[in-house]
Amino acid sequence: MGRKLTCWWFLVGALSACRSIDIDPVGGGGSAVQGGAPPAGAAGAGGTPAEGGSGGQAPPCELCGGDVCIDLATDPESCGVCGETCLLDCEAGACVISENDGVHDVDYSVDHLYWVGASTVSRSFGGINPPDTINITSRSYYDLEVQSERVYLTYVNENMPPAPAPPVYIPWATPVVETLAACPGTLDCSGVQLLTASDVTLWTSPSGVYFRSTTLMPVPSVADPVLPGLAISVAASTEPSLYAYGDFTHVYIADLSLPIEPIDGFDTVNSIAFAGTTFFAGDKRGVSCGVAAEPSQQLIVDAGPVASVLTTPGAVFAVMPSESGPDLLVRIPGVCSAVPLEGVEIVASSGACRIGGLSSNPDGERIYWSQYGGAGCAGVFSRRTDAF
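Conventions and cut-offs
Residues numbered from 1 in each chain as written. Predicted model: local features only at pLDDT ≥ 70, side-chain atom pairs only at ≥ 80, totals over all residues. Heavy atoms only, no water. Helix = DSSP H or I, 4+ residues; strand = E, 2+ residues; numbered from the N terminus. Buried < 20%, exposed > 50% of the residue type's maximum accessible area, 1.4 Å probe, protein only. Disulfide = S-S within 2.5 Å. Contact = heavy atoms within 4.5 Å. Polar contact = N/O pair within 3.5 Å; in protein donor to acceptor, adjacent residues only side chain to side chain. Salt bridge = Lys/Arg side-chain N within 4 Å of Asp/Glu carboxyl O. Pairing = 2+ DSSP bridges. Axes fitted to C-alpha atoms, helices over the stretch in contact; angles between N-to-C directions. Core = buried A, V, L, I, M, F, W, Y, C linked by side-chain atoms within 4.5 Å. Phe/Tyr/Trp six-rings, centres within 6.5 Å; stacked < 30°, edge-to-face > 60°.

Chemist: Can you walk me through the overall build of the protein chain in this structure?
Modeler: Tallying secondary structure elements over the protein chain gives zero helices and 30 strands in all. Considering the protein chain as a whole, with its 388 residues, one finds that 54% of them fall into the buried category.

What follows is the structure, given as structure tokens:
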């Protein structure tokens, strides 16, 4: 990626302790958010998320155990931190895993990183080995989930008039695309987000939240929809498994059979992620959090629209899209309390491209994200979480 023109606009800030990325999307030393009313997806008026040191200056020299100065921002053998080896290249401390344009979503499952493009699904062992690829029907794929080497996909049906577009799945060992479930009646089954938890697959659509159990219902089938759903998440570490789904004004917390009291005060929930029994939700206002057993929430980052959230041990990552500027990938302290804007650290800025899916490996050592949206939008990146 470093050998061609791309739409990643990075400037690496100089910090002695943590190496955050200082973004100057306007190219003149200004901040990511100008004074006055912030643009959509920006971090609020009067400042930027964690501007990480002196903009435009080179990072401090790192010897990495030798006697030669290593640039952690560009060295593919020590990318972000000493010894972090990249599959392809190193851009501003992030490894380039794939340069496939049009990658919308990524998912890390067991020991492989998976990603979906317009007509392919790829996976790389550990996100560091050359990928294997399966060719699939060319569609506008939206969401990707992987469980037990089964790749689950949702897509946007672009036919006129739009036809139902239920999720599909692909067994990796025998890559034949199969429909996850038939769409009942005339309901809209266009997949928005989906997830797999234990033996249950859930997905959302504008007409409801659906589920299918591979144990109880081995033949693909659909349960009665449960309220319109825009976002969904699962707390895999809890027993019984909790899941949450969000709509235009509420987040609903449930186990796999019994919904509990809805939590109100939201504005179009785009994404939800669990940290134990605490949930973090991104909507048009920013990032909010709450506890599953308590029917309340609090806005912890008043940052404008948030498209997706990801929890890792000790931190929350969020994508803040913008119509007038670059999408931002930011890191937020993983605490359920108000976070000042100076505590929100910019990890990446996508220039004219869009930041898509987020994922992490099981121990939270690395995060992965995708980029899509136009020519030069290379696809998949990773970064060590101790590089921030």
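The rest of the description comes next.
Chemist: Sorry if this is basic, but what is going on with the state of the cysteines here?
Modeler: Here, disulfide denotes a covalent bond that connects the sulfur atoms of two cysteines. Scanning all chains against the criterion turns up four disulfides. Across a sulfur-sulfur distance of 2.1 Å, Cys-289 and Cys-336 are joined as a disulfide pair. Torsion about the S-S bond of the Cys-289 and Cys-336 cystine: about 95°, corresponding to right-handed handedness. Highlighted residues: Cys-289 in strand 22 (residues 286–291) and Cys-336 in the loop between strand 26 (328–333) and strand 27 (345–349), separated in sequence by 47 residues. Residue classification places Cys-289 among the buried residues on the basis of a relative accessible area of 0%. Using a relative accessible area of 30% as the deciding quantity, one classes Cys-336 as partly exposed.

Chemist: Sorry if this is basic, but what is going on with unusual backbone geometry here?
Modeler: Negative phi characterises most residues that are not glycine, and trans characterises most peptide bonds. Although it is not a glycine, Cys-64 adopts a positive phi angle of roughly 55°. On the secondary structure map, Cys-64 appears in the loop between strand 2 (21–22) and strand 3 (89–91). Relative accessible area serves as the criterion here: at 31%, Cys-64 is assigned to the partly exposed category.

Chemist: Even after reading the chapter, I still don't get the environment of Ile-70, so can you show me in this structure?
Modeler: In this structure, Ile-70 sits in the loop between strand 2 and strand 3. Judged by its relative accessible area of 16%, Ile-70 is buried. As for Ile-70 and Val-81, which are separated by 11 residues in sequence, their C-alpha atoms are 9.9 Å apart. Residues in contact with Ile-70, not counting those within four places in the same chain, are Cys-61, Glu-62, Leu-63, Cys-64, Asp-75 and Ser-78.

Chemist: Explanation requested: the side chain of Ser-122 in the structure shown.
Modeler: Relative to the helices and strands, Ser-122 is located in strand 7 (residues 120–125). Polar side-chain contacts of Ser-122 include one of 3.0 Å to the side chain of Thr-133. Not counting chain neighbours up to four residues away, the residues in contact with Ser-122 comprise Leu-113, Tyr-114, Trp-115, Pro-131, Asp-132, Thr-133 and Trp-172.

Chemist: How should I be thinking about the pattern of salt bridges in this particular structure?
Modeler: Between side chains of opposite charge, a pair can form when the charged atoms approach closely. For the coordinates displayed, the defined rule picks out eight salt bridges. Across the pair Asp-283 and Arg-285 runs a salt bridge whose closest N-O atoms are separated by 3.1 Å. Residue class for Asp-283 comes out buried when judged on its relative accessible area of 0%. One salt bridge in this structure joins Glu-345 and Arg-331, with 4.0 Å as the shortest N-O distance. Here Glu-345 is found in strand 27, whereas its partner Arg-331 is found in strand 26, with 14 residues between them in sequence. The exposure class of Arg-331 is partly exposed, given its relative accessible area of 26%. Connected via shared salt-bridge partners are Glu-84, Glu-365, Arg-366, Arg-384 and Asp-386.

Chemist: How should I be thinking about the sheet that holds strand 3 in this particular structure?
Modeler: Strands belonging to one sheet form pairs held by backbone hydrogen bonds; the direction of such a pair is parallel or antiparallel. With respect to topology, five strands assemble into an open sheet ordered 3-4-30-29-28, the strand pairing being antiparallel. The two strands at the open ends of the sheet, each matched to only one other strand, are strand 3 and strand 28 (354–360). On average, each strand axis in the sheet is inclined to that of its neighbour by 30°, with strand direction left out of account.

Chemist: Would you explain the nonpolar core in this entry?
Modeler: Looking at soluble globular proteins, one finds that nonpolar side chains tend to be buried together. In this structure, Val-287, Val-301, Ala-318, Val-330 and Ile-332 are the most contacted members of the largest nonpolar core, which totals 18 residues. Counting only elements with at least two residues in this core, the list comes to strand 22, strand 23 (298–302), strand 25 (315–320) and strand 26. Each residue touching Val-330, except ones within four places of it in the same chain, is listed here: Val-316, Phe-317, Ala-318, Met-320, Val-344, Glu-345, Ile-346 and Val-347. Counting 16 residues, the second-largest nonpolar core is a separate cluster that includes Leu-310, Leu-358, Ala-378 and Phe-381.

Chemist: Is there a simple way to explain the packing of aromatic side chains in this structure?
Modeler: Centre-to-centre distance and the angle between the planes together describe a pair of aromatic rings. Scanning the entire structure with this criterion turns up four aromatic pairs. Ring centres of Tyr-108 and Tyr-368 lie 5.4 Å apart, and the angle between their planes is 20°; on these two criteria the pair is classed as stacked. With Tyr-108 in strand 5 (residues 105–109) and Tyr-368 in strand 29 (residues 366–372), the pair connects residues that are 260 residues apart, well separated along the chain. Measuring from centroid to centroid gives 5.8 Å for Trp-369 and Phe-381, while their planes differ by 15°, and the two rings are stacked. You can see Trp-369 sitting in strand 29 and its partner Phe-381 sitting in strand 30 (residues 380–384), a full 12 residues away along the chain. Each member of the pair, Trp-369 together with Phe-381, is buried.

Chemist: Would you mind showing me how to read the pairing of strand 5 here?
Modeler: The side chains of a regular strand alternate, first on one face of the sheet and then on the other. In terms of burial, strand 5 is largely enclosed, as five of its five residues are buried. The side-chain alternation of strand 5 yields two buried faces, one formed by Asp-105, Asp-107 and Ser-109 and the other by Val-106 and Tyr-108. Once strand 5 ends, the chain turns through two residues before running back antiparallel as strand 6 (residues 112–116), passing Val-110 with a positive phi of about 60°.

Such coordinate-based values are descriptive only and should not be taken to indicate function.
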